[in-house]
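What follows is each chain in one-letter form.
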Amino acid sequence: MIKLGVNIDHVATIRQARLEDFPSVIAAAAACEKAGADSITVHLREDRRHIQDSDVYGLKKNMRTKLNLEMAASEEIVKIALDVKPDFVCLVPEKRLELTTEGGLDVAGQKKKLAAITERLKKAGIVVSMFIDADAAQVEASRAVNADCVELHTGNYAKYFKEYGAESKKFLDEAGRIRKVSELAVKNGLILNAGHGLDYDNIGQICLIPQMNEFNIGFAIIARAVFAGLENAVREMKEAIAKRQANAATSGFA
């Protein structure tokens, strides 16, 4: 069963819109855990637009499952990670003006810096992942910097599904590219995760990738929670993944 990591950043987005002390990300994490989430993801951005330092410390103290901290390769945030000691860290690119993370981290272009950060985090007992585009050079660079995992950026996969449809050549080509790079990641001994733009409808093809470890999904679940409640939204996503995986034995990857 592919694991589900739930990103709760947008619970904090709602809270920060009024600078209130609710809704609580601690309560949100607890609801996700109750519904079967395997881990909780938060992105501590340098501009602190949603998740705050206190959220990260509070989650680490109160959670029963695993905490995955997304973060830029920034010395300020690295020091916080080393203090909090989340279970996982995922290094991501970060731009101040972006609405959400745009594309994968250029690991190949900054191997020396990322290798040094990875070494520090791993010495603290933290599992380190690189958020990368589905590109062979970035997989090989992730292995070179001694990362434990890669999380493949599925933004184009989600975009093409929405714009062109599940049977379109554009979408199926992107799905095939992700599968090919996934095989390379596993061959290089990297734990294989995926995320960005995944939702209840587009999850199908990517569920069929062998040795996929975990999806990190946030916006779709939080948006669904507005109508269904957070626990139900998480359960529905777990069920969607399980249903797609149940077909894996009889369905080939397109």
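Okay, so let's go over this structure. Since the structure is predicted, the reported quantities are computational estimates derived from the model, not experimental observations.

A count of helices and strands for the protein chain gives eleven helices and eight strands. A globule of 254 residues ought to have a C-alpha radius of gyration of about 18 Å, and the protein chain, at 17 Å, matches this closely. Projected onto its principal axes, the C-alpha positions of the protein chain cover 45 × 45 × 35 Å. Expressed as a percentage of the 254 residues in the protein chain, the buried residues total 51%. Once local pairs closer than 6 in sequence are excluded, the contacts in the protein chain between residues at least 24 apart make up 67%. A total accessible area of about 11700 Å² is found for the protein chain, and carbon and sulfur atoms account for 51% of it. For the protein chain, the distance from the average site of its 35 positive side-chain charges to the average site of its 35 negative ones is 3 Å.

Here we come to the nonpolar core. Counting 75 residues, the largest nonpolar core has Ile 8, Met 130, Ile 206, Phe 215 and Ile 221 as its most contacted members. Contact partners of Phe 215, with chain neighbours within four places excluded, come to Ile 2, Lys 3, Leu 4, Gly 5, Ala 194, Leu 198, Ile 203, Ile 206, Cys 207 and Ile 241.

Next up on the list: the packing of aromatic side chains. In total, this model carries three aromatic pairs according to the counting rule given. Ring geometry for Tyr 160 and Tyr 164: centres 6.0 Å apart, planes at 55 degrees, overall tilted. Highlighted residues: Tyr 160 and Tyr 164, both in helix H7 (residues 155-164), separated by four residues, approximately one helical turn. Its relative accessible area of 46% is what places Tyr 164 among the partly exposed residues. Ring geometry for Phe 161 and Phe 171: centres 5.4 Å apart, planes at 70 degrees, overall edge-to-face. Of this pair, Phe 161 sits in helix H7 while Phe 171 is found in helix H8 (residues 169-187), placing the two residues ten residues apart along the sequence.

Take the layout of surface pockets next. There is about 160 Å³ of room inside the second largest pocket. Elements with a contribution of two residues or more to the lining of the second largest pocket: strand S4 (88-91), strand S5 (127-132), strand S6 (149-153), strand S7 (191-195) and strand S8 (212-217). Split into classes, the residues belonging to the lining of the second largest pocket amount to six nonpolar, five polar and three charged.

Here eight strands make up a closed barrel; going around it, the order is S1-S2-S3-S4-S5-S6-S7-S8 and the pairing parallel. The sheet shows a mean angle of 25 degrees between the axes of neighbouring strands, taken without regard to direction. Note that S6 and S7 share five bridges and pair parallel. Its bridge partner being in S7, Glu 151 is matched across the sheet by Asn 193. Relative to strand S3 (residues 66-71), helix H3 (residues 53-62) is tilted by about 160 degrees, and along the sheet it contacts strand S2 (39-43) and S3. Against the sheet, helix H11 (residues 230-246) touches strand S1 (3-7) and S8, its axis set at about 145 degrees to S1.

Within helix H4 (residues 75-84), the full set of buried residues consists of Ile 77, Val 78, Ile 80, Ala 81 and Val 84. Burial along H4 is one-sided: seen end-on, the buried residues are contained in an arc of 160 degrees. Projecting away from the buried face of H4 at angles above 90 degrees are the exposed residues Lys 79 and Asp 83.

What counts, and where the lines are drawn
- Residues numbered from 1 in each chain as written.
- Predicted model: local features only at pLDDT ≥ 70, side-chain atom pairs only at ≥ 80, totals over all residues.
- Heavy atoms only, no water.
- Helix = DSSP H or I, 4+ residues; strand = E, 2+ residues; numbered from the N terminus.
- Rg over C-alpha atoms; globule rule 2.2 N^0.38 Å.
- Buried < 20%, exposed > 50% of the residue type's maximum accessible area, 1.4 Å probe, protein only.
- Contact = heavy atoms within 4.5 Å.
- Areas by Shrake-Rupley, 256 points an atom, 1.4 Å probe, with all protein chains shown as cover.
- Lys, Arg positive; Asp, Glu negative; His and termini not counted.
- Charge placed at Lys NZ, Arg CZ, Asp CG, Glu CD.
- Core = buried A, V, L, I, M, F, W, Y, C linked by side-chain atoms within 4.5 Å.
- Phe/Tyr/Trp six-rings, centres within 6.5 Å; stacked < 30°, edge-to-face > 60°.
- 1 Å grid on protein atoms, 1.4 Å probe; cavity = no way out; pocket = protein on both sides within 12 Å on 5 of 7 lines; lining within 4 Å.
- Points joined across faces, edges and corners; volume = space filled by probe spheres on them.
- Nonpolar A, V, L, I, M, F, W, Y, C, P; charged D, E, K, R; others polar.
- Pairing = 2+ DSSP bridges.
- Axes fitted to C-alpha atoms, helices over the stretch in contact; angles between N-to-C directions.
- Arc of directions from axis to C-beta.

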